[in-house]
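# Close look at the chain arrangement
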Amino acid sequence: MVGREGGGLMGSRRQFGSVRKLPSGRFQASFLPPGGGPRQNAPHTFKTKTDAHRWLTRVEADISRGTWLDDRAAGETFGNYARAILRDSPKIGVRWRETCERNLRLHLVPLVTVPLREVTASRVREWHAAALRGSGGRTSISQSYRFLRMVMNTAVREGIIARSPCQIPGAGTVRAAERPVATPAQVVALVEAINPRYRTAVLIAAWCGLRRGEIAGLRVADVDLTEHTITVRKARVEPLHDRGKAFDKDPKSEAGKRTIAIPPHVVPVIRLHLDEFAGKDRLFVSRDGSPLRGDTLYQAFVRARGKVGLDTLTFHDLRHTGQTLAAQTGATLADLMKRLGHSSMAAARRYLHAVDGRDREIAKALSELAAHGDVARLPRHITMRS
């Protein structure tokens, strides 16, 4: 609701805004914006008081219809507005914030000093086409576009611009490359080649489908060897530019907090790890007892994969391996989403019928596949979102 304010000179009063005569003889219109903030003046002065009142009437009507745009805020540069969003949004994680800050410096430079009102669809199209012709990678350009789109969508929600200028179909997505899938024998080879301290991490990634940050965030209390389960409660986050500020955080979604049945053939290895390598509190620690760094685990994995000729396999591919092998046991998509912590609004509605008992059946079947599986049945590659 628009508040009343006086201010008309020469004996007149308005319910919205005010008009005053300037020493030049022209008239200035001003008003208090909805939601608070300093008084805003019309972008120009008027020859007559009637013209000033008419302008205020149009502004009042736009506010009532919900179509008013904050012209003062629209004059803010894209760069300053984007940095404010990165600073203030509680939903932006540390690593994504660092990625967006990097892309502001490397790829979004042509738009950084442009006022929000001038970031038009044609300007975005020209920027995107130039970026694709440049030396930047497609993934970085896609990330830059997604961040640009997020910023401009926020500007729409905050009443600064009327419509997002980011209208390029598919510009924010990158076709997922085919990921290699290890066979059970190759997983065994990796386990034998890696430093014994990290064998359990490889097995948990490949047979339980945990991400590297989830593995690094596991506590001893998260492992139940009576029930043969692992519970994911936290994920370890390591900022790219300040590794000393690593911290544990909740998974990105509620689906990420999950209890997973451990395949029986993995249980003895975890039990051995608890006896020989686990910390007092954390399941995985460095030699000095400090929390395991994800980079330390990855470097150990890189050395091991080189020894067994799997140079194209990434640590994250172990997670996709587990998903593929679980599918070979007859797991449904709902089972896989539950086991791996995937979530979306559509999936949440579609797969609520998944039951806990199926997870234990999948874990048992995974062990059977490990011992007697027909490797020829496994696909060589899989394309799957993480």
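Bear in mind that the values here come from a model prediction, so they are computed numbers and not experimental data.

With that settled, the discussion passes to the overall build of the chain. Tallying secondary structure elements over the chain gives 16 helices and 10 strands in all. Residue pairs at least 24 apart in sequence account for 65% of intrachain contacts in the chain once pairs closer than 6 positions are excluded.

Another aspect to go through is empty space enclosed by the protein. Within the structure shown, the criterion is met by one cavity of 30 Å³ or more. When its volume is computed, the largest cavity comes out at roughly 40 Å³. Every residue along the wall of the largest cavity is listed here: Ala206, Trp207, Cys208, Gly209, Gly322, Gln323, Ala326, Leu336, Arg339 and Leu340. If you list the elements that add at least two residues to the lining of the largest cavity, you get helix 9 (199-208), helix 13 (315-328) and helix 14 (333-340).

Turning our eyes to something else, we now look at the confidence of the model for the chain. Of all residues in the chain, 84% have pLDDT values of 70 or greater, and the mean over the chain is 83. Confidence scores differ between elements of the chain, with helix 15 (residues 345-350) showing the lowest mean pLDDT of 39 and helix 5 (residues 109-112) the highest of 96. Predicted confidence for residues 6-12 stays below pLDDT 50, and this span has 17 contacts to residues more than four positions away or in other chains. Every residue in residues 345-355 is under pLDDT 50, and counting partners more than four places away or in other chains gives eight contacts.

Further remarks concern the packing of aromatic side chains. According to the stated counting rule, one finds five aromatic pairs in the structure shown. Seen in terms of ring centroids, Phe31 and Trp55 are 6.0 Å apart; in terms of plane orientation they differ by 50°. Their pairing is tilted. Of this pair, Phe31 sits in strand 2 (residues 27-31) while Trp55 sits in helix 1 (residues 49-65), and the two are 24 residues apart along the sequence. Accessibility assignment for this pair places Phe31 and Trp55 in one class, buried. Ring geometry for Phe46 and Trp55: centres 6.2 Å apart, planes at 45°, overall tilted. The same class applies to Phe46 as to Trp55, namely buried.

This part is about the sheet that holds strand 2. Spatially, three strands are ordered 1-2-3 in an open sheet, and the strand pairing comes out antiparallel. Strands at the two margins of the open sheet, each flanked by one partner only, are strand 1 (18-21) and strand 3 (40-41). Sheet topology note: the strand 2/strand 3 ladder contains two bridges and is antiparallel. When the bridges of strand 3 are listed, Ser30 appears paired with Asn41. This element, helix 1, spans strand 1 and strand 2 of the sheet and lies at about 20° to strand 2.

With that out of the way, let us pick up helix 12 (residues 294-307). Taking 1.5 Å of rise per residue, 14 residues should cover 20 Å, and helix 12 covers 20 Å from first to last C-alpha, within 8% of that figure. Inspection of helix 12 places Gly294, Leu297, Ala300, Phe301, Ala304 and Arg305 among the buried residues, and these make up the whole buried set. Down the axis of helix 12, the sector holding all buried residues measures 135°, keeping them to one side. In helix 12, those exposed residues whose orientation departs by more than 90 degrees from the buried face are Arg303 and Lys307. Where helix 12 is buried, its residues meet helix 8 (184-193), helix 9, helix 10 (212-216) and helix 13. Immediately downstream of helix 12, the backbone of Gly309 shows phi near 75°, a positive value.

Another point: the pattern of salt bridges. Throughout the structure, instances matching the rule amount to 10 salt bridges. Here the salt bridges do not stand alone but share partners, grouping Arg219, Arg236, Asp248, Asp281 and Arg282 into one network.

The antiparallel open sheet is built from three strands, whose spatial order is 5-6-9. The open sheet has two edge strands with one neighbour each: strand 5 (223-224) and strand 9 (258-261). With two bridges joining them, strand 5 and strand 6 (residues 229-232) adopt antiparallel strand pairing. Opposite Val223, over in strand 6, you have Ile230 as the bridge partner.

Regarding helix 3 (residues 78-88), the residues found buried are Phe78, Gly79, Tyr81, Ala82, Ile85 and Leu86. Considered in projection along helix 3, the buried side chains sweep an arc of 165° and stay on one side of the axis. Seen from the open side of helix 3, the exposed residues pointing more than 90 degrees away from its buried face are Arg87 and Asp88. Buried positions along helix 3 lie against helix 4 (94-106), helix 5 and helix 7 (138-157).

Right, let's get into unusual backbone geometry. At His228, a residue that is not glycine, the phi angle is positive and equals roughly 60°. As for its placement among the helices and strands, His228 is situated in the loop between strand 5 and strand 6. For His228, a relative accessible area of 27% puts it in the partly exposed group.

About the cut-offs
Residues numbered from 1 in each chain as written. Predicted model: local features only at pLDDT ≥ 70, side-chain atom pairs only at ≥ 80, totals over all residues. Heavy atoms only, no water. Helix = DSSP H or I, 4+ residues; strand = E, 2+ residues; numbered from the N terminus. Contact = heavy atoms within 4.5 Å. 1 Å grid on protein atoms, 1.4 Å probe; cavity = no way out; pocket = protein on both sides within 12 Å on 5 of 7 lines; lining within 4 Å. Points joined across faces, edges and corners; volume = space filled by probe spheres on them. pLDDT = per-residue confidence, 0-100. Phe/Tyr/Trp six-rings, centres within 6.5 Å; stacked < 30°, edge-to-face > 60°. Buried < 20%, exposed > 50% of the residue type's maximum accessible area, 1.4 Å probe, protein only. Pairing = 2+ DSSP bridges. Axes fitted to C-alpha atoms, helices over the stretch in contact; angles between N-to-C directions. Expected span 1.5 Å × (residues − 1). Arc of directions from axis to C-beta. Salt bridge = Lys/Arg side-chain N within 4 Å of Asp/Glu carboxyl O.

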